[in-house]
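# An overview of the molecular structure
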Amino acid sequence: MQMHDLEKIFADKIATEIKIEPRDWMPDAYRKTLVRQISQHAHSEVVGMLPEGNWITRAPSLKRKAILLAKIQDEAGHGLYLYSAAETLGVSREETINELHNGKAKYSSIFNYPTLTWADIGAIGWLVDGAAIMNQVMLCRTSYGPYARAMVRICKEESFHQRQGFDILYTLSKGSDDQKTMCQDAINRWWWPSLMMFGPKDADSPHTDQSMKWKIKRMTNDELRQRFVDMIAEQVKVLGMVLPDPKLTWNDERKHYDFGEIDWAEFWQVVKGYGPCNKQRIATRKNAWDNGAWVREAALAHAQKRKSRTDTHPSQNAAAA
Amino acid sequence: MFSNIFYGKNYYGDFGESGATDTDQAGKENKPGNDWPLWEVFIRSKQGLDHKHAGSLHAADAQMAIENARDVYTRRNEGISIWVVESRHIHASNPDEAGSLFDPANDKVYRHPTFYDLPDAVKHM
Ligand SMILES: [Fe+2]
Ligand SMILES: [Fe+2]
C-alpha cells in the first residue's frame, strides 16, 4: 500500500466519524499533536490536585473533608486515564512524566494560582471544573478512540465536582458578612484565570485549525469560552454575587453575553512559567516522584522475587485460575 | 507490516510547536524504562454480564493491579469482579488486514434471518 492510500484511508475515517484506534495508521503530526495534548491534559489533572490538596486538612467539617478527598481522588484517576491514553500512542509513562518535570510539557496555567481561603475550593469546583467540563464534553467526540473513551469516563465523574464547588459557595453566600465577602473575593480572583483556561483567542491559536480538521477538537477556544460565560453569568445570580467584569452584558442580538478583554499579558506570563506558583507546583511533583522512587523499585523487586519463587514451584500457582 | 509506517517520520512535517521536544520519536519503540509493567483491566459490571475492557494501569504484580483497578475503575460501584492481564500477553489482529480477515463474512447474507422471505401465514418464526 502506498503512503497516499494510507493517508486517504485515514482522511476517510475522519470524514465519516470513524474513530482512529491505536494501531491504525495515522499521520505522524496527528500522533504528535495527540501526545502533546493528552499528556498536557493528564498533567493538568495531576498538578490540579495540589491547590486543592492544600485544603484537605483545613476543610471546615468532616463532610467537606470527605467530599474534597473524593474529588481529589477522582482527579488522580483522570490523570491515570489520560496517561494511559497517551501511552497507546507509543510514549512511555516515564517519558511523559519526565517531560512534566523538566518543563518540556505544559499543564493548565490555572493551577499556578494559589488557594488562599476555603472559598477558593468552592470557586475551583464551580469555575475551574466548570470550564474543564466544557472542554471535556466536547472531547468525548474527539477522533482518537482511547482519548474519547477516557473523556466519557471523566465526564461522568466531573459533574459532582462542579456541584460540590457551587454548594460550597452557595453555603458561604447564605452565611455571615465575612463569609459573603470571602465568597465574592474568591470569585473575583478565579474568574479571569478560568476564562484563560480555554486558551488564546482563535486568531492567536496556531493549532486550532489543524486540530479542528482532524476532529481532535470539535469547537474552538472562543466558542467554548462563550458557552462558559453564558452559563456562569446566569449561575452567579443564584449566588447573589457578581463577576468582576464591568463589560459583562447580555447581547440580545447575539443571544450571548458580551464580556471584557482578558489580560493576555498575564496569561502568557503564567504560561511561560512566571505565575504565582509555577515553581512550587513542579517542585512538589518532582519531590513526590523522587521520594517515591524507592517504593517503585522495591515493589518491582518484590514482585520479581515472588515470581521467581512460583516459577520454581509452579504448584503454588495452580489455584490462580 | 505497516507498523513501521506508523512510526514513520513527520509525514505532514512539523508545524510550529514552541517548547516541543526536538528529539524525534519516530522509530523509537515504547521503551520499558523503569515503568512497572502495564496491565489491561476488565470489569464485570454486574452478575450475568461479561467482563468488559475498562482501561489499563501500571502495577508491579497482579495483586497490585487488581487493587489499583479497584481504586481507579470501580469507585462508583461500576464493578463486582475484576480481571487483569499483563498487556504484553494480549495478541491482536492487525487493523490493516481487517479487510481480508473479515472478508469471509461479507458475502453470506443467508446467515441473517432477514434473508428469508416467509409467507405471511407463518407466525412467530
Ligand atoms: Fe478532572
Ligand atoms: Fe474535576
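Okay, so let's go over this structure. Per chain, residues are indexed from 1 in the order of the written sequence. Going through the entries in the order they are written, you letter the chains from A and number the ligands from 1. Only residues with pLDDT of at least 70 are given local features in this predicted model, and only at 80 or more are side-chain atom pairs given and counted; all residues enter the totals for whole chains, interfaces and linings. Values shown for side chains rest on all heavy atoms present in the structure; no hydrogens or waters enter the calculation.

This paragraph deals with the pairing of strand 1 (residues 38–44) of chain B. Residue and element names in this part refer to chain B. Taking burial as the measure, the seven residues of strand 1 include five buried ones, the bulk of the element. Strands were regarded as paired on the criterion that DSSP finds at least two bridges between them. In this text, helices come from DSSP runs of H or I with a minimum length of four residues, and strands from runs of E with a minimum of two, each type numbered from the N-terminal end. With antiparallel pairing between neighbouring strands as the criterion, strand 1 and strand 2 (residues 51–58) make up a hairpin whose turn holds six residues, including Gly48 at a positive phi of roughly 100 degrees. As judged from the six bridges shared by strand 1 and strand 3 (residues 81–86), these two strands associate in the antiparallel manner. Bridge pairing in strand 3 places Ile43 opposite Ile82. Classification of residues uses two cut-offs on accessible area relative to the type maximum, computed with a 1.4 Å probe and protein chains only: under 20% is buried, over 50% is exposed, and between them is partly exposed.

Another point: helix 2 (residues 28–47) of chain A. By this rule, a helix spans an expected 1.5 Å times one less than how many residues it contains. Under the 1.5 Å per step criterion, the end-to-end length of helix 2 of chain A is 28 Å for 20 residues, consistent within 8% with the ideal 28 Å. Within helix 2 of chain A, 18 of the 20 residues are buried, which leaves it mostly tucked inside the rest of the structure.

A few words now on the coordination of the iron ion (ligand 1). Residue and element names in this part refer to chain A. Each metal site is built from N, O and S donor atoms within 2.8 Å (3.2 Å for Na, K and Ca), and since water is not included, such sites may look incomplete. Protein-derived ligands of the iron ion (ligand 1) are Glu45 (OE), Glu75 (OE), His78 (ND1) and Glu158 (OE), with the metal-ligand distances lying across 2.1 to 2.3 Å. Irregular is the default label, applied whenever a site is not tetrahedral (four donors, all angles between 85 and 135 degrees) and neither square planar nor octahedral (four or six donors, opposite donors over 155 degrees apart, all other angles between 65 and 115). In this structure, the iron ion (ligand 1) is coordinated by four donor atoms arranged in irregular fashion, with angles at the metal of 81 to 158 degrees. Counting along the primary sequence, the residues that act as donors to the iron ion (ligand 1) give the motif E-x29-E-x2-H-x79-E. Between the iron ion (ligand 1) and the iron ion (ligand 2), a spacing of 3.3 Å is present, and a bridge between the two is formed by Glu75. Highlighted residues: Glu45 in helix 2 and Glu75 in helix 4 (residues 62–87), separated in sequence by 30 residues. A relative accessible area of 7% means that Glu45 is categorised as buried. Judged by relative accessible area, Glu75 falls into the buried class, the value being 5%.

Moving on, we come to the coordination of the iron ion (ligand 2). Taken together, the protein donors to the iron ion (ligand 2) comprise Glu75 of chain A (OE), Asp129 of chain A (OD), Glu158 of chain A (OE), Glu158 of chain A (OE) and His161 of chain A (ND1), at separations of 2.0 to 2.7 Å. Between consecutive donor residues of the iron ion (ligand 2), the sequence gaps follow E-x53-D-x28-E-x2-H.

Before going further, it helps to spend a moment on the nonpolar core. Among buried residues, those of type Ala, Val, Leu, Ile, Met, Phe, Trp, Tyr and Cys that are joined through side-chain atoms within 4.5 Å constitute a nonpolar core. Core analysis: the biggest nonpolar cluster contains 96 residues, and Leu57 and Tyr73 of chain B have the highest contact counts within it. Ranked by the residues each element gives to this core, the list is headed by helix 6 (residues 118–139) of chain A, at 12 residues. Throughout, a residue-residue contact means that at least one pair of heavy atoms, one from each residue, lies within 4.5 Å. Here Leu57 of chain B is in contact with Leu80 of chain A together with Pro37, Leu38, Trp39, Val41, Ala65, Asn68, Ala69, Val72 and Tyr73 of chain B, once residues within four sequence places are set aside.

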